[in-house]
Amino acid sequence: TQLLEQSPQFLSIQEGENLTVYCNSSSVFSSLQWYRQEPGEGPVLLVTVVTGGEVKKLKRLTFQFGDARKDSSLHITAAQPGDTGLYLCAGRHTDKLIFGTGTRLQVFP
Amino acid sequence: GAVVSQHPSWVICKSGTSVKIECRSLDFQATTMFWYRQFPKQSLMLMATSNEGSKATYEQGVEKDKFLINHASLTLSTLTVTSAHPEDSSFYICSASQGRSYEQYFGPGTRLTVT
């Protein structure tokens, strides 16, 4: 069974702070995705990374895929209250997505 | 594009009854649809994968006779929770894809509460 462990589980920070969320596994994935989910809604795709070592930037969000394609990180610069939500990584294995354990982020103004 | 809807968005049912949840791809043909369950403060767990016109493939530990999945057309899949019990209360989310290796587009979820 592939497991994707995210850390930290919870994060509560002030507006303007930086943060990093980690997604780790012992399995290799063909690609890895990051989603944000708000309460009562489905997850929304933020990014897909495919190549080992790949770095993608989306405004204040920077995503990195580990060289061995087993882990990934999400770094947010100058967090804003609008970044509040549940962040989920998901690794693709054949036709399935295996979701990480989730990181709940709260950004206070 | 790539919009997926679910109906209903929330439902309350009595223990022992059955409830059907619909998942529709609105602007593309979904050869494959996936059903996930999400308990409060937890992540998404894949329940089953359905391909249009064939039987669903269930993940280990998911009772196929309890969670009936039908994918009769390229735009509609249904999940029926039979003889629902309070422990089935959860957030059910579907996703749709144009094929097994294509992107999954997620629906907004259905909150099921069994009393």
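In this text, all values refer to a predicted model and were calculated from it rather than measured experimentally. By convention here, each chain's residues receive numbers from 1 onward along its written sequence. Chains and ligands are labelled by the order in which they are written, letters from A for the one and numbers from 1 for the other. Given that this is a predicted model, residues contribute local features only at a pLDDT of at least 70 and side-chain atom pairs are listed and counted only at 80 or more, while totals for whole chains, interfaces and linings are drawn from all residues. To get the side-chain values, take all heavy atoms of the structure and skip hydrogens and water.

### Describing the overall build of chain A
Using the following cut-off: Numbering of helices and strands runs from the N terminus, with a helix taken as a DSSP run of H or I at least four residues long and a strand as a DSSP run of E at least two residues long. Computation of the radius of gyration draws on C-alpha atoms, with the globule rule given as 2.2 Å multiplied by the number of residues to the power 0.38. Exposure classes here rest on a 1.4 Å probe applied to the protein chains alone. A residue is buried below 20% of its type maximum, exposed above 50%, and partly exposed in between. Note on contacts: a residue pair qualifies if any of its non-hydrogen atoms lie within 4.5 Å across the two residues. Methods summary: accessible areas were calculated by the Shrake-Rupley approach with a probe of 1.4 Å, and residue burial reflects only the protein chains presented. This count recognises Lys and Arg as positive and Asp and Glu as negative, with His and chain-terminal groups excluded. Positions of charges follow a simple convention, taking NZ of Lys, CZ of Arg, CG of Asp or CD of Glu.
Of the regular secondary structure elements, chain A holds zero helices and 11 strands. In chain A, the succession of helices and strands from N to C terminus is β-β-β-β-β-β-β-β-β-β-β. Scaling as 2.2 N^0.38, a compact globule of 109 residues should have a C-alpha radius of gyration of about 13 Å, and chain A matches this with 13 Å. Counting only C-alpha atoms and orienting by the principal axes, one finds that chain A spans roughly 40 × 30 × 20 Å. Classification of the 109 residues of chain A by burial places 46% in the buried group. A separation threshold of at least 6 residues defines the contact pool for chain A, and within that pool the share at least 24 residues apart is 53%. Accessible surface, chain A: about 5,200 Å² in total, of which carbon and sulfur atoms supply 51%. Taking the average location of the 10 positive side-chain charges in chain A and that of its 10 negative ones, the two points are 6 Å from each other.

### Thoughts on the pairing of strand E6 (residues 55-58) of chain A
Residue and element names in this part refer to chain A. Convention followed: In this description, strands pair whenever DSSP reports at least two bridges between them.
As paired elements, E6 and strand E7 (residues 61-65) share four bridges and run antiparallel to each other. Looking across to E7, one finds that Leu 58 is bridged to Leu 61. Where E6 folds back on E7, the antiparallel hairpin that results is connected by two residues, among which Lys 59 adopts a positive phi of roughly 55°.

### Observations regarding the interface of chain A and chain B
Going by this rule: Whenever a carboxyl oxygen of Asp or Glu lies within 4 Å of a side-chain nitrogen of Lys or Arg, that contact is scored as a salt bridge. By the criterion applied in these results, polar contacts are pairs of N or O atoms within 3.5 Å in which, for protein atoms, one can donate a hydrogen and the other can accept it, and in which residues neighboring in sequence qualify only through two side-chain atoms. Residue type decides the class: Asp, Glu, Lys and Arg count as charged, Ala, Val, Leu, Ile, Met, Phe, Trp, Tyr, Cys and Pro as nonpolar, and the leftover types, Gly among them, as polar.
Facing the 19 residues of chain A at the interface are 20 residues of chain B. Counting the contacts that link chain A with chain B gives one salt bridge. Taking the shortest distance from any N to any O, the salt bridge between Lys 96 of chain A and Glu 59 of chain B comes out at 2.8 Å. At the boundary of chain A with chain B, the tally comes to five residue pairs in polar contact (both at pLDDT 80 or more). Elements with a contribution of two residues or more to the side of chain A that touches chain B: strand E4 (31-37), strand E5 (44-49), strand E9 (85-93) and strand E10 (96-99) of chain A. For the side of chain A that touches chain B, the residue count by class is seven nonpolar, seven polar and five charged.

### Focus: the environment of Arg 92 of chain A
Residue and element names in this part refer to chain A. In this structure, Arg 92 sits in strand E9. Classification of Arg 92 as buried rests on a relative accessible area of 10%. As for Arg 92 and Val 28, which are separated by 64 residues in sequence, their C-alpha atoms are 9.1 Å apart.

### Looking at the side chain of Thr 110 of chain B
Residues and elements named next belong to chain B. Within the secondary structure, Thr 110 is located in strand E11 (residues 110-114). Thr 110 gets classed as buried once you look at its relative accessible area, which sits at 0%. Within the structure, Thr 110 has its side chain in polar contact with the backbone oxygen of Pro 8 (distance 2.6 Å). Sequence-distant contacts of Thr 110, that is, excluding residues within four places in its chain, are made with Gln 6, His 7, Pro 8, Ser 9, Trp 10, Val 11, Ile 21, Ser 90, Phe 91 and Tyr 92.

### Observations regarding the nonpolar core
So the rule is basically this: In this text, buried Ala, Val, Leu, Ile, Met, Phe, Trp, Tyr and Cys residues form a nonpolar core when linked through side-chain atoms within 4.5 Å.
The biggest cluster of nonpolar side chains holds 24 residues, and the ones touching the most others in it are Trp 35, Phe 67, Leu 79, Tyr 92 and Leu 112 of chain B. For this core, the elements supplying multiple residues, two or more each, are strand E2 (10-13), strand E3 (19-25), strand E4 (32-38), strand E5 (45-51), strand E7 (67-73), strand E8 (76-81), strand E9 (90-97) and E11 of chain B. Those residues in contact with Tyr 92 of chain B that lie beyond four places of it in its chain are Gln 6, Ile 21, Tyr 36, Arg 37, Met 47, Phe 67, Leu 79, Gly 109, Thr 110 and Leu 112 of chain B. Core analysis: the second largest hydrophobic core is formed by 22 residues, Leu 4, Leu 19, Val 47 and Phe 65 of chain A among them.

### Here's the deal with the pattern of salt bridges
Residues and elements named next belong to chain A. One pass over the structure, following the stated rule, counts five salt bridges over all chains. Here Asp 83 ties to Arg 60 by a salt bridge, and the two come within 2.9 Å at their closest N and O atoms. Within this pair, whereas Asp 83 is found in the loop between strand E8 (71-76) and E9, its partner Arg 60 is found in the loop between E6 and E7, the two being separated by 23 residues in sequence.

### Brief notes about the sheet that holds E3 of chain B
Strand pairing in a sheet is mediated by backbone hydrogen bonds. Such pairs are either parallel or antiparallel. Residues and elements named next belong to chain B. To keep it simple, the criterion reads: Fitted lines through C-alpha atoms give the axes, limited to the stretch in contact for helices. The angle between two N-to-C directions lies from 0 to 180 degrees.
Judged by pairing direction, the sheet is antiparallel, and its four strands sit side by side in the order E1-E3-E8-E7 without closing on themselves. The strands lining the two open edges of the sheet, one partner per strand, are strand E1 (4-7) and E7. Between one strand axis and the next, the sheet turns by 15° as a mean value, whatever way the strands run. Relative to E3, E1 runs antiparallel, the two sharing four bridges. Across the sheet, residue Gln 6 finds its bridge partner in E3, namely Cys 23.

Honestly, that's just the spatial picture; any functional story needs more than this.
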